[in-house]
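# Examining the three-dimensional arrangement
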Amino acid sequence: MSTDGEVVVSVRSVVAGYADEDVLHGVSLNVPSGKVVAVIGPNGSGKSTLLKAIYGLLHPRQGSVMFRDRSGATHELTGLRPHAVTRLGINFVPQLANVFPDLSVRENLEVGAFVHAGRFHEHLERVLLTFPALGTMLSARAATLSGGQRQMLGIARALISDPQVLILDEPSAGLAPSVVDTVFGTIKSINASGVSILMVEQKARQCLSMSDYGYVLDMGENRIAGTGEQLLHDPEVIQLYLGNRGRLGEAVLRLRREFVT
Amino acid sequence: MSALLQVDGISRRFGGIRAVDGAAFDVEAGSITGLIGPNGAGKTTAFNVISGFLRPQSGTITFDGNRIERQPAHMIARAGLVRTFQIPRVLTRMSVLENVQLAATRQPGEVLGAALIAPRAVSRREREVRDEAMQILDLVRLSRLANDYAGTLSGGQRKLLELARALMTGPRMILLDEPMAGVAPTLALQLLEHILERRARRGTTFLVIEHDMEAIMAISDRVIVMDEGRVIAIGSAADVQQDERVIEAYLGRREAQPA
């Protein structure tokens, strides 16, 4: 896959999983600087696991994750803890916006600003430009926010660290369709401000239509890659979700014919 | 063929969430029917309602000509409609064989009087049950482990044991909840083969929830697709794979709306 622009995150042949089971069997991808990159695929294809492996929530057993910071220095991320990855310039918005429900909106944002000790206010001002609505509810407990507002708070909390790359795990999960549009619109405007985006989404087509590049995972492996536009019109992508005919399918159909006669 | 199971407009809410919201479909006698849909579509809740583990808040369910929507699970099972669970429920402190034997119906030894009055009939039936249980364990390739504690089985083996117990009741219809999940690929094809074989030999009807699309599309005569508690498409595998509503349920709308 050709990529214009410098690559900021480069994932090479990552093997990762839980306990003694591998979920990713050698997955690779690039995030070019300033672009939106989508990772899609059916349930259980390893999308979320891939994000965790990049952000240090899960340590790859094999392979490498390289990051090039603003100064041009490269860092190997494998083995780093999430807070260290955040300090380098990558931040993560977990699924279902895991904000702290008992903290206020302001306190949630303050937690996110741990990398800028003492300079919270200037970063708060910067983030509130993107999320003006949050500015009107700074003292509200996060638990009282709607699902959409919580998602916005989750994104704002990640953005307050002033990341070079923002990773989002299913930002549309559990949100009403109109709210999904707003969240996607916000992600687009964050990207327009220069932040590279890597996102996993169930709403594959909406996500691809706003992405520069996309990777389709299936059963823990890279299956198809291309520009968002190419993948959007690739019938193979639909087949991956709705059942393409492989060896198992052929074998079952053979058995069906045997048992009929 | 005629409908063995008719589900008409069933609904089930949890708090404000409509897990199943007026779902309706028929399952033909002797068919293998797939029930698919994205996460949270309401498939397992539909199973719970059909099998009597949950009461529907509205709608009717007819099995073999009889209304069952207000009957408890054990009565529905006795009528010949049994189900398996996504997470297998096996009796871990009993042997694999005992787990299957327990599922047999018509066991006179369960009644104290019969055990005293007709001990021979009881032991005859016990031998029958034991033989049948061993045959079924053979079928699902677990006979080697017949005397092991069920608790020592792997997740995939427990799924097979659940299927064995369901088969042992000699049901007319089995609801399988994700039979392939956690089953090793080599066992997966065997499991699908048992389903086809049972249907061919005994005419058993299957309704199967499964996330492995390749498998469910290949094995099903018809596929029912649910999304947000409703049935959005019913048809052959090829039909539903091309249905724009189904594609939308799995991949989202074609374009984002302008924000």
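Note: the structure precedes this text.
Residues numbered from 1 in each chain as written. Chains lettered and ligands numbered in written order. Predicted model: local features only at pLDDT ≥ 70, side-chain atom pairs only at ≥ 80, totals over all residues.

### Structural notes on the overall build of chain A
From N to C terminus, chain A includes 11 helices and 10 strands. Expected size for 261 residues packed as a compact globule is a radius of gyration near 18 Å; at 20 Å, chain A falls within 12% of this value. Overall, the C-alpha framework of chain A stretches about 75 × 40 × 35 Å when taken along its three principal axes. The 261 residues of chain A split such that 44% are buried. If you take every contact in chain A between residues at least 6 apart in sequence, the share linking residues at least 24 apart comes to 68%. (Helix = DSSP H or I, 4+ residues; strand = E, 2+ residues; numbered from the N terminus. Rg over C-alpha atoms; globule rule 2.2 N^0.38 Å. Buried ≥ 20, exposed ≤ 12 C-beta atoms within 10 Å, placed from the backbone. Contact = placed C-beta atoms within 7 Å.)

### Thoughts on the environment of A:S139
Residue and element names in this part refer to chain A. Looking at where S139 falls in the secondary structure, it is placed in the loop between α5 (132-135) and α6 (147-159). A count of 9 C-beta atoms within 10 Å places S139 in the exposed class. The spatial distance from the C-alpha of S139 to the C-alpha of R119 is 19 Å, given a sequence separation of 20 residues. Excluding residues within four positions of it along the chain, S139 makes contact with S104 and R106.

### Digging into the interface of chain B and chain A
By a widely used convention, the size of an interface equals the accessible area lost when the partners come together. With 28 residues of chain B in contact, the opposing surface of chain A contributes 27 residues. Looking at the side of chain B that touches chain A, the elements that each hand over two or more residues are α7 (185-202), α8 (213-219), α9 (237-242) and α10 (244-251) of chain B. With seven residues, the top contributor of residues to the side of chain B that touches chain A is α7(B). Class assignment for the residues of the side of chain B that touches chain A results in 17 nonpolar, five polar and six charged. (Nonpolar A, V, L, I, M, F, W, Y, C, P; charged D, E, K, R; others polar.)

### A look at the sheet that holds strand β6 (residues 90-93) of chain A
What links the strands of a sheet is backbone hydrogen bonding, and the strands pair in either a parallel or an antiparallel sense. Residues and elements named next belong to chain A. Spatially, six strands are ordered β6-β7-β8-β3-β9-β10 in an open sheet, and the strand pairing comes out mixed. Each edge of the open sheet carries a strand with a single partner, namely β6 and β10 (221-227). Ignoring strand direction, the axes of neighbouring strands in this sheet form an average angle of 15 degrees. Across four bridges, strand β3 (residues 36-40) lies against strand β8 (residues 196-200) in parallel orientation. Its bridge partner being in β8, V36 is matched across the sheet by I197. (Pairing = 2+ DSSP bridges. Axes fitted to C-alpha atoms, helices over the stretch in contact; angles between N-to-C directions.)

### A closer look at unusual backbone geometry
Excluding glycine, a negative phi dihedral is what most residues carry, and trans is how most peptide bonds are arranged. Of note in the backbone geometry, A:S13 takes a positive phi value of approximately 50 degrees without being a glycine. Tracing the chain through its elements places A:S13 in strand β1 (residues 7-18). Residue class for A:S13 comes out partly exposed when judged on the 14 C-beta atoms lying within 10 Å of it. For B:E228, which is not glycine, the phi dihedral falls at a positive 50 degrees. With respect to the helices and strands, the residue B:E228 is situated in the loop between β9 (222-227) and β10 (230-235).

### Comments concerning the pairing of β10(B)
Residues and elements named next belong to chain B. Strand direction decides the pairing type here: β9 and β10, joined by five bridges, are antiparallel. Among the inter-strand pairings, I224 is bridged to a residue of β10, identified as I234. Following β9, the chain reverses through two residues before pairing antiparallel with β10; E228 in that reversal takes a positive phi of roughly 50 degrees.

### Some remarks on the packing of helix α3 (residues 105-112) of chain A against α6(A)
Geometry of a packed helix pair, given as the angle between the helix axes and the separation of the axes. All names here are of chain A. Direction vectors running N to C along α3 and α6 enclose 35 degrees, while the axes themselves pass 7 Å from each other. Considering only the axes of α3 and α6, their crossing is right-handed. Packed against α3, whose contacting residues are V105, N108, L109, V111 and G112, the element α6 presents L153, A156, R157 and A158 at the interface. Class assignment for the residues of the contact of α3 with α6 results in six nonpolar, two polar and one charged. (Left-handed = near helix turned anticlockwise from the far one by under 90°.)

By themselves, these observations are geometric and do not establish any function.
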